[in-house]
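Overview (structure and organization)
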Amino acid sequence: YMMNAMSYVTNRWIFGYSFLIAFIVVCIIDEVLELSFKQFIPMIVIAVLVCVGYMIYEPVKELFPWQSLCIMVGTLAVLCILTKISNQWLKYALIFATVIISMGYNGFYKNSDSGYFYSDEFRSTDDIVSKIDHANESHINTAEDKSFYRIGSIGDNAENQALTLQYNGTASYYSLVGGKMFEYLKELEIPSIQNPDRWYGFDERTIPDALASVKYYAFEKDSREEGTRPFGYKKTDEIIDNDTGKTYNIYENQYALPIGYTYDATISRDYYDSLSALDKQEALMQAAVTDLSVNNNVDDKLQFSDTSLDYQVIEDEGITWDQENHMLHVDSPDSKLKIEFNAIPNCETYVRFHNLNIDPNTEGHFAGKLESDKVKSAMYFTASDYRWALDREDYMIHLGHENDGKTVLELTFERPGDIELDDIAIHSVPMDSYVA
């Protein structure tokens, strides 16, 4: 925690441990070369026990991949062979060869398609530059706007593309991000957090975007992402990308807030924490949250307008929701859970998943997607034992403010398995009082 600038706990300084092991090896290697075969018997016994445990006990396989097992056995075999060699230089040559083979084997396993395939995560420079150059936000021309503003993010084509395109965005991937930012995103149940140090915008929500001084958005014309744009944005331009042939609509916030603004009322942190995520959003438009215990007598004056909508779940496409046992059963990545409801016009619509937890035995993190004929959104899940666990159970996804009448949502998950889920709720927030 201290070595990561008091940001969050990280193991990126693990090289200190590796260096310690290397230092110990250098200090004792000469003594190791003088050991007899009998003195290696305890290590041989331990190695045999590990091999037997690997074959019959599943948790050992998780701790020791078979590649690591091979390196352990191979290294022990070399050490035993060294006891039979008298020539000192030949011993050093054998040790050197073992180190080279071990390094090569580790590198091959980590990067090859028959191993961890880490190299597949990398992209060519031309590919990334092209993605940045043709990103939605690259089509916004604000040269004449000298005020401070942010451009809303709907997911980065490349991490931190705002730094390359030189605009103030709402997406970030930065290891030393302040913990308060992560706390803010979690308490509003914003689903775009992928890691504690990585998030992709404010879910195109009207209020959080307003409070963050978002003034512009760019969407591919007629895309479902365009359907989730915040309230109060007016189309100001239409740009055609000559390289891709795609058309982008540029929107400007008609009620944009500057980087600094003032409140005439405050509420206490305790009162704020007692509110639901949607009520917190509306409260932040009416009062500032402080650590003071006095609320300026505005508790009963704050206006909250969200209502719950009835919905129907259709469970016939590979996802079954066992509501009695609070469990979602997902058969495959192609499985779908359909949610049908009647949306109210001129209202922001949200779907909320309460107490959603993925099985720790599945992959540590994966995404879920929500789609309809008008909108498309995503949320990110982490298992409790994942190294960068988000430590969250509630997710609320914004579906835009242009839904009207019958709406059918399709929920999909990247990984099959069982997912704990207590409740699903649909919320509607009128935009009538937002401007005031």
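Scroll up to find the structure this text is about.
Residues numbered from 1 in each chain as written. Predicted model: local features only at pLDDT ≥ 70, side-chain atom pairs only at ≥ 80, totals over all residues. Heavy atoms only, no water.

1. Regarding the overall build of the chain
Scanning the chain from N- to C-terminus turns up eleven helices and 20 strands. Over its C-alpha trace the chain gives a radius of gyration of 28 Å, far above what one expects of a compact globule, namely 22 Å for 436 residues. If you line up the chain on its principal axes, its C-alpha atoms span 90 × 55 × 55 Å. Looking at the chain residue by residue over its 436 residues, the buried ones come to 41%. Carbon and sulfur atoms form 55% of the exposed surface of the chain, whose accessible area is close to 24400 Å². (Helix = DSSP H or I, 4+ residues; strand = E, 2+ residues; numbered from the N terminus. Rg over C-alpha atoms; globule rule 2.2 N^0.38 Å. Buried < 20%, exposed > 50% of the residue type's maximum accessible area, 1.4 Å probe, protein only. Areas by Shrake-Rupley, 256 points an atom, 1.4 Å probe, with all protein chains shown as cover.)

2. Topic: the sheet that holds strand β6 (residues 233-240)
Within the open sheet, the four strands sit side by side as β1-β5-β7-β6. Their pairing is mixed. Two strands bound the open sheet, and with one partner strand each, they are β1 (150-151) and β6. Of the strand pairs in this sheet, strand β5 (residues 214-220) and strand β7 (residues 247-253) are connected by five bridges, and their pairing is antiparallel. Each residue of the ladder has a partner; that of Tyr 216, found in β7, is Glu 252. (Pairing = 2+ DSSP bridges.)

3. As for the side chain of Glu 226
Inspection of the secondary structure puts Glu 226 in the loop between β5 and β6. Among buried Asp, Glu, Lys and Arg side chains, Glu 226 stands out as unpaired, with Arg 229 the closest opposite charge at 4.6 Å. Apart from the residues within four sequence positions on either side, Glu 226 is in contact with Phe 219, Glu 220, Lys 221, Asn 249 and Tyr 251. (Lys, Arg positive; Asp, Glu negative; His and termini not counted. Salt bridge = Lys/Arg side-chain N within 4 Å of Asp/Glu carboxyl O. Contact = heavy atoms within 4.5 Å.)

4. Structural notes on the pattern of salt bridges
Considering all chains together, one arrives at 16 salt bridges under this definition. Note that Glu 187 is salt-bridged to Arg 269, the shortest N-O span being 2.8 Å. Placement of the pair is Glu 187 in helix α8 (residues 179-187) and Arg 269 in helix α10 (residues 269-273), with a sequence separation of 82 residues. Several salt bridges share partner residues, and in doing so they unite Lys 180, Glu 183, Glu 187, Arg 269 and Asp 273 into one network.

5. Quick word on the packing of helix α4 (residues 66-82) against helix α5 (residues 88-111)
Viewed as axis vectors pointing N to C, α4 and α5 meet at an angle of 175 degrees, and their least axial separation amounts to 11 Å. In terms of orientation, α4 lies roughly antiparallel with respect to α5. Residue-level contacts link Trp 66, Gln 67, Ile 71, Thr 75, Val 78, Ile 81 and Leu 82 of α4 to Lys 91, Leu 94, Ile 95, Thr 98, Ser 102, Tyr 105, Asn 106 and Tyr 109 of α5. Here the contact of α4 with α5 is built from residues that sort into nine nonpolar, five polar and one charged. (Axes fitted to C-alpha atoms, helices over the stretch in contact; angles between N-to-C directions. Parallel < 35°, antiparallel > 145°, perpendicular 65-115°, else oblique. Nonpolar A, V, L, I, M, F, W, Y, C, P; charged D, E, K, R; others polar.)

6. Description of the packing of helix α2 (residues 41-56) against α4
Look at α2 against α4: their axes get within 11 Å of each other, and the N-to-C directions meet at 160 degrees. Here α2 lies roughly antiparallel to α4, going by the angle between them. Note that α2 runs across α4; the crossing there is left-handed. Here α2 contributes Met 43, Ile 44, Ala 47, Val 50, Cys 51 and Tyr 54 to the contact with α4, which in turn contributes Trp 66, Leu 69, Met 72, Val 73, Leu 76 and Cys 80. Class assignment of the residues belonging to the contact of α2 with α4 gives a composition of twelve nonpolar, no polar and no charged. (Left-handed = near helix turned anticlockwise from the far one by under 90°.)

7. Quick look at the pairing of strand β14 (residues 336-343)
Of the two faces of β14, only one is covered, namely that formed by Leu 337, Ile 339, Phe 341 and Ala 343; the face formed by Lys 336, Lys 338, Glu 340 and Asn 342 stays uncovered. The sheet contact formed by strand β11 (residues 311-317) and β14 spans five bridges and is antiparallel. Across the sheet, the residue bridging to Ile 314 is Lys 338, located in β14.

By themselves these figures say nothing about function.
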